[in-house]
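Structure at a glance
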Amino acid sequence: MSNSGEDLAREQILALVREYADNYHTKKAYQAGDRIPYAGRVYGSKELCALVDASLDFWLTAGRYTEQFEQELAQYLKVPYCSLVNSGSSANLLAFSALTSPLLGERRIRRGDEVITVAAGFPTTVAPMVQYGAVPVFVDVSLPSYNVDVLQLERAYSTKTKAVMLAHTLGNPFDLSAVTAFCKQYGLWLIEDNCDALGSMYQMGSGWQMTGTVGDIGTSSFYPAHHITMGEGGAVYTKDPLLHKIIRSLRDWGRECVCPGGQDNTCGHRFTGQFGTLPAGYDHKYVYSHLGFNLKVTDMQAAIGVVQLEKLPSFTAQRRKNWHALREALDDVADILLLPEESENAQASWFGFLITVRPECPVSRDEIVSALEAVGIQTRPLFAGNLLRHPCFLALEQGKDYRMAASLTVTDQIMMNSFWVGVYPGMCDAMLSEIAAQIHQAVGR
C-alpha cells in the first residue's frame, strides 16, 4: 500500500532532518587541547527525527510519545507505574508531595513531621520538605561512598519521623539494605532520589534491583547532563497503585479524573459521580482531590527521551568503563587523593568521578581545580557541599525548620576538599588520559 500524501511528506521532512543531523550535528573527534566538559548530550539523527516527528503532530503537550516513554522506562526499571514530569526537581517535589496525601491516612506526612536526609547533595532533594512545612533531619555522610552514614540513622529517629529521602550520590548506590531495614523497623516511607543514578543496580538478598525501585518512590532527571536527556524532564516511579494514583493526580492539577488529556469519559464517571459537596453529576474532568500542580512535559521532549532510552544500556556500560579507566590511571596518587569506591553489593552507573584531597596532598582542592579549569577540564563540587551553609538555610530556624542529628564533619570536609570530573559516555580514551595527566601534574607527580 502506498503512503498517503501526508505520510509521504512526513518521510521527506524526516529524511532531510537525518541529512541535516549527519552534516551539522555530528560530534568532531577530540583533539589535544580541546575543552573536556564534565557532562554532555550524546545524541544523533534519531533524536532529531523523533523531535521533528512529534512537532509535526502539533499536539505539543503530553501525548503518544509520553505514553510510550512511561511504558518503556517502567519496563526497563521493572516497575508497573511511571509518570513523566518536566524536571528531576519536579519529580522530587511530586514524590514528596504524594506522601502528604490524605488518602494515606495516618501514614501521611503532616506539617511538623520529620524526614531524614543529608546536606551533602542537591538542594531540591530537601527543598520540598521545607516548602511543605515538614522538618528535614540531617545526618552526615561517609567516605569514600559519599552516601548517608547509616550508623547515624537511629540517632536521627524520633516519634515524629515519617520518611527517609536520600539520593544515590553521583550514581553510587547508598546502603539500601541498611536503609530499607531501618525504614521497615519504624514503618517509614523511603524516597530514592535516583536522578544521578539511572541504570545503577543494588543486590537485595539474592537478586539485583535497579536503584529507584527498592523504596516506595523513585525519581529521575533528564537534564542534559544526566544519564539520558530530553532537555528538561524527569520521572516518578513506584510499585504501589495508590501512590501512583496520588502522583498522577498531583502531577495533573490535583484532579480526581484519570482520563488522558484530550479524551473524555474513559473513567465512566464524567457526569454520574458525587464528589465533595459538588452537585451530583458535576463534570468529573474538573473535580479536584488534591491541591496539585501542572508538571507534565511536552511530547517533543518525550520523543527525544524514547530514543535516548534505547541507548541507556550502552551509556551505562560506557560510564562504568570510563570511571574504571580513571580509577586505574589515578591509583598511584591514592596516597594524597582519596579516590571513590563503589559501594558494596552495587553496580554503579556513574555520574562522575569524585575526588577528595587528603591532608597529605601538597596542594589544595582549589589549586587543583584551578589548574584543571585553566586547561579546559571542567570540574564540579559535590553540588551544595553542605546545604546548611547556604543563604536559603541560614535564614531558617534550627529546631523548627530543620534539625541536625549529628555534626556534619564529613559533609564539611567534602565542601572544602572535594571535586569531581566527568565520565559521561561522550568521553574518549584520550580525554580520560588527559584528565589523569593534568591531575598528576597539578599534584606534582
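It should be noted that the structure appears before, not after, this text.
So, a few notes on the structure that sits alongside this text. All values reported here derive from a predicted model rather than from experimental measurement. (Residues numbered from 1 in each chain as written. Predicted model: local features only at pLDDT ≥ 70, side-chain atom pairs only at ≥ 80, totals over all residues. Heavy atoms only, no water.)

Some thoughts on the side chain of S83
- Mapped onto the elements, S83 comes out in strand β1 (residues 81-85).
- Given a relative accessible area of 1%, S83 falls into the buried group.
- In this structure the side chain of S83 is engaged in a polar contact, spanning 2.6 Å, whose partner is the side chain of R248.
- What S83 contacts, discounting residues up to four positions off in sequence, is E70, G234, A235, V236, H244, I247, R248 and R251. (Helix = DSSP H or I, 4+ residues; strand = E, 2+ residues; numbered from the N terminus. Buried < 20%, exposed > 50% of the residue type's maximum accessible area, 1.4 Å probe, protein only. Polar contact = N/O pair within 3.5 Å; in protein donor to acceptor, adjacent residues only side chain to side chain. Contact = heavy atoms within 4.5 Å.)

What to know about the pairing of strand β6 (residues 161-167)
- In terms of burial, β6 is largely enclosed, as six of its seven residues are buried.
- As judged from the three bridges shared by strand β2 (residues 114-118) and β6, these two strands associate in the parallel manner. Bridging across to β6, V115 finds its partner in A163.
- In this sheet, strand β7 (residues 189-193) lies alongside β6 in parallel orientation, the contact comprising five bridges. By the bridge assignment, A167 is partnered in β7 with D193. (Pairing = 2+ DSSP bridges.)

Quick look at helix α4 (residues 88-98)
- Burial of α4 is extensive: nine of the eleven residues sit out of reach of the surface.
- Turning to α4, its buried residues are G88, S90, A91, N92, L94, A95, F96, S97 and A98.
- Between the side-chain oxygen at the start of α4 and the backbone nitrogen of S89 there is a gap of 3.4 Å, and the oxygen is on S87.

Section: the side chain of R327
- On the secondary structure map, R327 appears in helix α9 (residues 299-329).
- A polar atom in the side chain of R327 sits 3.0 Å from the backbone oxygen of P340.
- For R327, the residues in contact, after removing those within four places along its chain, are L339, P340, E341 and F353.

Re the packing of aromatic side chains
- For the structure shown, the criterion picks out 15 aromatic pairs.
- On the numbers, 5.0 Å between centres and 45° between planes, the contact of Y20 with Y24 is tilted. Here Y20 and its partner Y24 are both found in helix α1 (residues 5-24), four residues apart, which amounts to about one turn of the helix.
- Owing to a relative accessible area of 45%, Y20 belongs among the partly exposed residues under this scheme.
- On the accessibility criterion, Y24 (59% relative accessible area) is exposed.
- Arranged with centres 5.3 Å apart and planes meeting at 65°, the rings of F182 and Y186 form a pair that is edge-to-face. Taken together, the positions of F182 and Y186, both in helix α7 (residues 176-186) and four residues apart, correspond to about one turn of that helix. (Phe/Tyr/Trp six-rings, centres within 6.5 Å; stacked < 30°, edge-to-face > 60°.)

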